[in-house]
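These are the residues of each chain, in order.
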Amino acid sequence: MGSIAAQLVSSHEDVVDHTKTSAGAPVPPTGSGGDVEASVTTDLSVDEWLLVDDSGYEPCGLLFGVAVFHIGLVGVLTGNGEVDTLSSALLRARELATGKLQAEARRVGATGVVGVRLSIDQLGGKSHLARFMAIGTGIRPKGAAVGTESQPATPFLTALSGQEFALLLRGGFLPVGLVMGVCVYHVRRLGPLTWLRTYSQSIEMSAYTSALYAARELAMVRLQAEALGLQAEGVVGMTTSELSHVWGSHVIEFFAMGTAITSLPDRQDLLDPTFVLSARDNVVSDPGAILGDDERTRDDK
Amino acid sequence: MTDEPSVSEQESSSPRGRRLQGVPPAGSRRIGDLQSGAPWSSQQAVGAEATLRDIGFEPAGVVMGSVYSYGYPYRARLRSGTSSSYGSGSYANSTLDGPMLTKRSGGYVHDWSIGPAGQPVMDMGWTWEETRSQQRHRRIASEAVDHLVQEARAIGAHGVVGIQFGTTSMGKDGIGADVYELSVMGTAVRAPGVEPVKHPFTTHLAATDVAKLVAHGYAPVSFHVGISVVCAQLGATTRRSLRSMDNGEVEQYSEVTEKSLQIARRDLERTSLSAGSVILAATPLVHVNRSMNTTYEATVRIPASRVRRFEHSGVQSGLHYQPIVRLNEQP
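Rules behind the numbers
- Residues numbered from 1 in each chain as written.
- Chains lettered and ligands numbered in written order.
- Predicted model: local features only at pLDDT ≥ 70, side-chain atom pairs only at ≥ 80, totals over all residues.
- Heavy atoms only, no water.
- Helix = DSSP H or I, 4+ residues; strand = E, 2+ residues; numbered from the N terminus.
- Buried < 20%, exposed > 50% of the residue type's maximum accessible area, 1.4 Å probe, protein only.
- Contact = heavy atoms within 4.5 Å.
- Areas by Shrake-Rupley, 256 points an atom, 1.4 Å probe, with all protein chains shown as cover.
- Patch = residues over 30% accessible without salt bridge, like charges linked within 9 Å, V, L, I, M, F, W, Y side chains within 5 Å.
- Salt bridge = Lys/Arg side-chain N within 4 Å of Asp/Glu carboxyl O.
- Polar contact = N/O pair within 3.5 Å; in protein donor to acceptor, adjacent residues only side chain to side chain.
- Pairing = 2+ DSSP bridges.
- Phe/Tyr/Trp six-rings, centres within 6.5 Å; stacked < 30°, edge-to-face > 60°.
- Lys NZ or Arg CZ within 6 Å of the ring centre and 35° of its normal.
- Arc of directions from axis to C-beta.
- Core = buried A, V, L, I, M, F, W, Y, C linked by side-chain atoms within 4.5 Å.

1. Section: the overall build of chain B
Consideration 1: Looking only at helices and strands, one finds 7 helices and 13 strands in chain B.
Consideration 2: Out of the 331 residues belonging to chain B, those deemed buried represent 59%.
Consideration 3: Here the contacts in chain B between residues at least 6 apart in sequence split such that 71% fall between residues at least 24 apart.

If you want it as C-alpha cells, here you go:
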C-alpha cells in the first residue's frame with residue numbers, strides 16, 4: 001500500500017483526473033441541477049471544524065450579513081452626555097447585519113451560527129457612511145433533515161469560536177444568542193478656568209471619570225437587558241471595547257458584546273482540563289505581529 | 001521592451017533547460033537549482049515540519065506565483081492589458097478590460113435574482129455576474145495559482161501546503177486605472193519515492209492542519225480564490241438616503257456587498273470536485289470602490305481550500321493529532 005503520503009498522492013490523481021481540471025483553475029459550471037450533494041463552505045479552522053464535528057454538528061455554509069449605514073447629522077455637542085443619534089445608529093446597524101446573518105442561517109437550515117465576527121469599516125473616509133459586516137459559519141446537528149421541526153425559528157448566533165462552542169456543549173451549556181450593548185458618549189471639554197486650575201496638578205479629572213464610567217455602565221446594562229430578554233442564564237465571552245472611530249478624542253463608543261447561554265436540562269460538570277503542546281506556532285501565520293512586538297520592545301528600551 | 005528575448009535565453013539556459021511559462025528568469029534559475037539538489041526552503045514552523053514527515057512528506061522548497069496587473073475603469077472605455085515588461089514586475093500577458101456597466105438604473109431594484117451559474121444577469125442596469133472586471137480578477141488569481149503549481153511540478157512536488165495569498169494595491173494611475181499585484185506563496189512538499197504527478201494538491205492550510213485532516217480521514221485537494229465583483233449604478237433612493245440628515249441603512253450598498261460575498265462563495269462552491277466535499281475558507285477580503293457618487297463596486301476575494309474524504313491504511317506515529325481546545329482562548 002505504501003506510505004500515507006503515497007496513498008494520498010495516488011488517490012488525489014484519481015480525483016483530479018476524474019473531473020479533468022487543472023489545479024487552481026475554476027471548473028466551468030456543471031449545470032443548474034448539480035446541487036444534489038453540494039459542497040459546503042466554512043470559515044472554521046481545521047481545529048474548530050473537527051471539534052464542531054466531534055460534538056455532533058456539521059457546518060452548512062459560510063454566512064454573511066452586511067449593512068451599510070448612513071449616520072445622521074449630529075449637531076453641536078456640549079457637556080457630558082450620550083449622543084443618541086450615534087448610539088442608535090451603531091446599534092441598529094449591528095442589529096441589521098446580525099439580523100441578515102440570521103435570516104441567511106434560517107434559509108440554509110442552520111440551527112446556529114458560530115464564530116460570528118462583527119467588523120466596521122468606514123467607507124471612503126467619510127464619517128457618515130459605515131459598513132457593518134457579520135460573518136460566521138452556520139451549523140446544524142448532523143443528520144438532521146432541513147426544514148423539519150428540529151430547526152428553530154431563530155437560529156442562535158455566537159461570537160464563540162468552534163473550539164469554545166464544543167467546550168460549551170461539553171460543559172452542558174447551549175448558546176442562545178449574541179447580546180450587545182452600545183453607548184456613544186460625548187465627554188465634555190474642559191473650560192479655560194478649569195484648565196487653568198488643574199493643568200499643573202496631578203488630580204482626578206472627575207468630569208472625565210464620571211462620563212467614562214457612566215458610558216461603560218450604560219453599554220453593559222443594555223447588554224444585560226438583551227440577555228434577560230433571551231432568558232439567558234449568563235453571558236460568556238463578553239468583551240468591552242472603547243472605539244473612537246472617526247470622531248476625534250471627545251466622542252467615544254462603548255461597545256459590549258457577548259454570547260448569552262443557557263444550561264442543558266441534564267447538565268453535569270465534566271470538564272477536565274488537559275495540558276497540550278501545540279505543534280503550531282504563529283511565526284508563519286502572522287509575521288507582522290511578531291515583527292511589531294520586536295519593534296515595540298526596542299522602543300521601550 | 002527588449003526583455004522578452006533575453007528572458008527565453010536565460011530560461012533555456014537553466015539547468016534542465018525547461019521553460020517555465022510566466023516565471024521570471026531568476027525564478028526559473030531558482031527552480032532549476034532546486035531540481036538539481038539545492039537546499040530546500042520551507043515556510044512551515046519547526047513543529048509543523050515534524051507532522052509533515054509523520055504523514056510521509058518532506059519539504060521540497062518554497063514556490064510562488066505572482067501577477068501584476070492594471071485595469072481601466074469603465075468610464076475610460078479603453079482596452080488595457082497587463083504590461084509584458086519584466087522591469088515592472090509583470091508576468092501575465094492577458095488583455096483585460098475594465099468593469100462593464102450596461103445600462104443606467106432608473107430607480108432602486110428590490111427584486112434580486114441570480115441566473116444559472118455563469119450566466120450574466122442584467123436587471124434594470126444592474127449587472128453583478130461575469131462582468132469583465134470579475135473575469136479579469138478571476139483570471140489573475142488562477143494565473144498566479146497556475147504559476148505556483150507549475151513551479152511545484154517543476155521541482156517534482158506532490159503538493160503545496162500553507163499557501164499565503166495577498167494583494168498589494170498600488171493605487172490608481174493618472175487616468176484612474178487600478179493597479180495591483182496578486183501573489184501566492186507556499187511550501188511545496190514531496191513524497192519520497194513516489195512518481196511525479198501532473199496535478200499536485202494545493203492548500204492554504206498549514207502542515208499541522210494537513211496532518212490533523214489526514215488523521216481524521218480527510219485530505220486536501222485544491223486551493224481556490226472565490227472572486228466576485230458587483231457593480232451598481234446608484235439609484236434615486238440611494239441618492240436620497242445619502243443626502244438625508246437621519247440615520248438609515250443605505251440598502252443598495254448593503255445589498256451590493258452582500259451579493260458580492262454570496263457570488264464569491266458560489267464561485268468557490270461551483271468548482272465542485274467531489275460530491276459533499278468541504279471547503280475551508282479564510283476570512284473574506286472585501287474591497288469597496290465608490291466613484292463620484294455614481295457607482296458602487298464591491299470586490300470580494302475568499303481564499304479557500306477544498307478537502308475530500310480520504311481513508312488510508314497507513315499508521316501515523318504516536319503524535320496526537322487532536323484538535324486543540326485552549327482554555328485561555330481569546331474570543
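2. Thoughts on the overall build of chain A
Consideration 1: For chain A, the count of helices and strands is 7 helices and 9 strands.
Consideration 2: Put simply, chain A has 301 residues, and 42% of those count as buried.
Consideration 3: Considering only contacts within chain A whose residues lie at least 6 apart along the sequence, 76% involve residues at least 24 apart.
Consideration 4: By element, 55% of the accessible surface of chain A is carried by carbon and sulfur atoms, the whole surface being about 15200 Å².

3. Quick notes on a nonpolar patch on the surface
Consideration 1: Together, Leu193, Trp195, Leu196 and Tyr199 of chain A make up a nonpolar patch on the protein surface, roughly 500 Å² of accessible area in all.
Consideration 2: Structurally, Leu193 of chain A is set in helix H5 (residues 192-198).

4. Digging into the environment of Glu181 of chain B
Residue and element names in this part refer to chain B.
Consideration 1: Among the secondary structure elements, Glu181 is positioned in strand E7 (residues 178-190).
Consideration 2: Residue Glu181 is classed as partly exposed on the basis of its relative accessible area of 23%.
Consideration 3: When the C-alpha atoms of Glu181 and Met170 are compared, they prove to be 7.6 Å apart, with 11 residues separating the residues in sequence.
Consideration 4: When residues no more than four places from it in sequence are discounted, the contact partners of Glu181 are Ser66, Val67, Tyr68, Gly166, Thr167, Thr168 and Met170.
Consideration 5: Among the polar contacts listed, one links the side chain of Glu181 to the side chain of Ser66, at a separation of 2.7 Å.

5. A closer look at the sheet that holds strand E2 (residues 57-70) of chain A
Consideration 1: An order of E6(A)-E4(A)-E5(A)-E2(A)-E10(B) is seen for the 5 strands of this open sheet, with the pairing classed as mixed. Every interior strand has two partners, whereas the edge strands, strand E6 (156-157) of chain A together with strand E10 (248-249) of chain B, have only one.
Consideration 2: The sheet contact formed by E2 of chain A and E10 of chain B spans 2 bridges and is antiparallel. Looking across to E10 of chain B, one finds that His70 of chain A is bridged to Gly248 of chain B.

6. Digging into the packing of aromatic side chains
Consideration 1: Applying the stated criterion across every chain yields a total of 4 aromatic pairs over all chains.
Consideration 2: Ring geometry for Trp49 of chain A versus Tyr218 of chain B: centroids 4.7 Å apart, planes at 55°, classification tilted. Separated into two different chains, Trp49 of chain A in helix H2 (residues 46-54) and Tyr218 of chain B in strand E9 (residues 218-233) make up a pair that spans both.
Consideration 3: A centroid spacing of 6.0 Å and a plane angle of 25° characterise the contact between Phe156 of chain A and Phe165 of chain A, whose relative ring orientation is stacked.
Consideration 4: The buried category is assigned to Phe165 of chain A, whose relative accessible area is 0%.
Consideration 5: Above the face of the Phe255 of chain A ring, Arg94 of chain A is positioned so that its terminal group lies 3.7 Å from the ring centre.
Consideration 6: One Lys or Arg, Arg309 of chain B, reaches over the ring of Tyr218 of chain B and ends 4.4 Å from the middle of that ring.

7. Remarks on the environment of Ala264 of chain B
All names here are of chain B.
Consideration 1: Summarising the element assignment, Ala264 is placed in helix H7 (residues 251-269).
Consideration 2: What makes Ala264 buried here is its relative accessible area of 0%.
Consideration 3: Along the chain, Ala264 and Ile227 lie 37 residues apart, while their C-alpha atoms are 4.6 Å from each other.
Consideration 4: Excluding residues that lie within four positions of it along the chain, Ala264 makes contacts with Gly226, Ile227, Ser228, Val300 and Ile302.

8. Thoughts on helix H6 (residues 236-243) of chain B
Consideration 1: Along H6 of chain B, the residues classified as buried are Thr238, Ser241 and Leu242 of chain B. Angular distribution of buried residues about the axis of H6 of chain B spans 105°; they occupy a single face of the element.
Consideration 2: Where the residues of H6 of chain B are buried, they touch E2 and strand E5 (129-141) of chain A together with H7 of chain B.

9. Here we look at the nonpolar core
Consideration 1: The biggest cluster of nonpolar side chains holds 37 residues, and the ones touching the most others in it are Trp49 and Phe165 of chain A together with Phe57 and Val307 of chain B.
Consideration 2: Of all the elements in the fold, those that place two or more residues in this core are helix H1 (4-19), H2 and helix H4 (162-170) of chain A together with helix H3 (46-54), helix H5 (207-215), E9 and strand E11 (278-281) of chain B.
Consideration 3: Element by element, the count of residues in this core is highest for H5 of chain B, at 5 residues.
Consideration 4: Excluding residues within four positions of it along the chain, Trp49 of chain A makes contact with Leu44 and Pro59 of chain A together with Leu213, Tyr218, Val278, Leu280 and Val307 of chain B.
Consideration 5: Within the second largest apolar cluster, 28 residues are counted, among which are Leu129 of chain A together with Ala264, Val288 and Val300 of chain B.

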